[in-house]
Amino acid sequence: MSSVGIIANPRAGKDIRRLVAHGSILDTQEKVYIVRRAILGIQGAGADEVVLFPDPANIFTKALSGIENELRLTTRFLEMSIFDEASDSTRAAQLMCEQRVACVIVIGGDGTNRVVTKGSGSMPLVPLSTGTNNAFPQFLESTLAGLAAGYYAVRHFSPDECTRPTKRLNLYRNGTLEDIALVDAAVCDYQFVGARAVWEAERLKELFLTQGQPTNIG
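In short, a report on the structure. (Residues numbered from 1 in each chain as written. Predicted model: local features only at pLDDT ≥ 70, side-chain atom pairs only at ≥ 80, totals over all residues. Heavy atoms only, no water.)

1. Comments concerning the pairing of strand 4 (residues 103-108)
Move 1: Among the six residues in strand 4, six count as buried, and that is most of the element.
Move 2: Here strand 4 shows no split at all, with Cys103, Ile105 and Ile107 on one side and Val104, Val106 and Gly108 on the other all buried.
Move 3: Direction of pairing for strand 1 (residues 3-8) relative to strand 4: parallel, over a ladder of five bridges. Residue Ile6 lies in a different strand from strand 4, and its bridge partner there is Ile105.
Move 4: As judged from the five bridges shared by strand 4 and strand 5 (residues 125-129), these two strands associate in the parallel manner. (Buried < 20%, exposed > 50% of the residue type's maximum accessible area, 1.4 Å probe, protein only. Helix = DSSP H or I, 4+ residues; strand = E, 2+ residues; numbered from the N terminus. Pairing = 2+ DSSP bridges.)

This is the structure:
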């Protein structure tokens, strides 16, 4: 069976930087439309099944309810507890990996993709940007993302044929892996971590980067 997963973060694109950095806002309803188009793209590619993350905002339930014609592919929600925290996405990715899902469309920002990557292993990701000044996910029409993911699942391409590896930073504390980063790790002089949204450049003391693109403000 050819399966594609979708993980959407209802909190992406709503952090504190909208108050201080004029960041764009993508509300939940727009994410419903994005998910709906992705599902139709997956179906158009001929995939058998789409596996969905049971998010607390019911993005996927709303997306499915708005599809007028009966879907030919099977839709299935992961059986998992939801605590409305970042680790939900990590556990969802782990379950999809264990259930042999071919690839996962991730709808969120840099942070969403980071926590998904902590559970996805080597499973390919199709990262769609709905966050703040993202550097890792891309702005891409979700119908095309669904088609690409669906064809990857149906035709059983090898990762070497049509995926691109990316760098990541491993953060260790006393020799034990503490966390990972996909874009950057920052050393700041803040006393408290807070929301981890840094906008005062003078507070940065060191930066460790996986990429630097002049076309991307993220």
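2. Some remarks on the pattern of salt bridges
Move 1: Within this structure, the stated rule accounts for ten salt bridges.
Move 2: We note a salt bridge from Lys205 to Asp189, for which the minimum N-O separation is 3.7 Å. Linking Lys205 in strand 9 (residues 204-209) with Asp189 in the loop between strand 8 (184-188) and strand 9, this pair joins segments that are 16 residues apart in sequence.
Move 3: On the accessibility criterion, Asp189 (38% relative accessible area) is partly exposed.
Move 4: Connected through salt bridges with shared partners, the residues Asp189, Glu200, Arg203 and Lys205 form a single ionic network. (Salt bridge = Lys/Arg side-chain N within 4 Å of Asp/Glu carboxyl O.)

3. Examining the environment of Val51
Move 1: Along the polypeptide, Val51 turns up in strand 2 (residues 49-52).
Move 2: The class of Val51 is buried, set by a relative accessible area of 0%.
Move 3: Excluding anything up to four places from it in sequence, Val51 contacts Ser3, Val4, Gly5, Ile6, Arg76, Leu78, Met96, Gln99 and Val101. (Contact = heavy atoms within 4.5 Å.)

4. Focus on helix 4 (residues 87-98)
Move 1: Compared with the 16 Å implied by 1.5 Å per residue over twelve residues, the 17 Å span of helix 4 between its first and last C-alpha is a close match.
Move 2: Buried within helix 4 are the following residues: Asp88, Ser89, Thr90, Ala92, Ala93 and Met96.
Move 3: The inward-facing, buried residues of helix 4 abut strand 1, strand 2, strand 4 and helix 5 (110-120).
Move 4: Phi turns positive one or two residues past the end of helix 4, at Arg100, with a value near 65°. (Expected span 1.5 Å × (residues − 1).)

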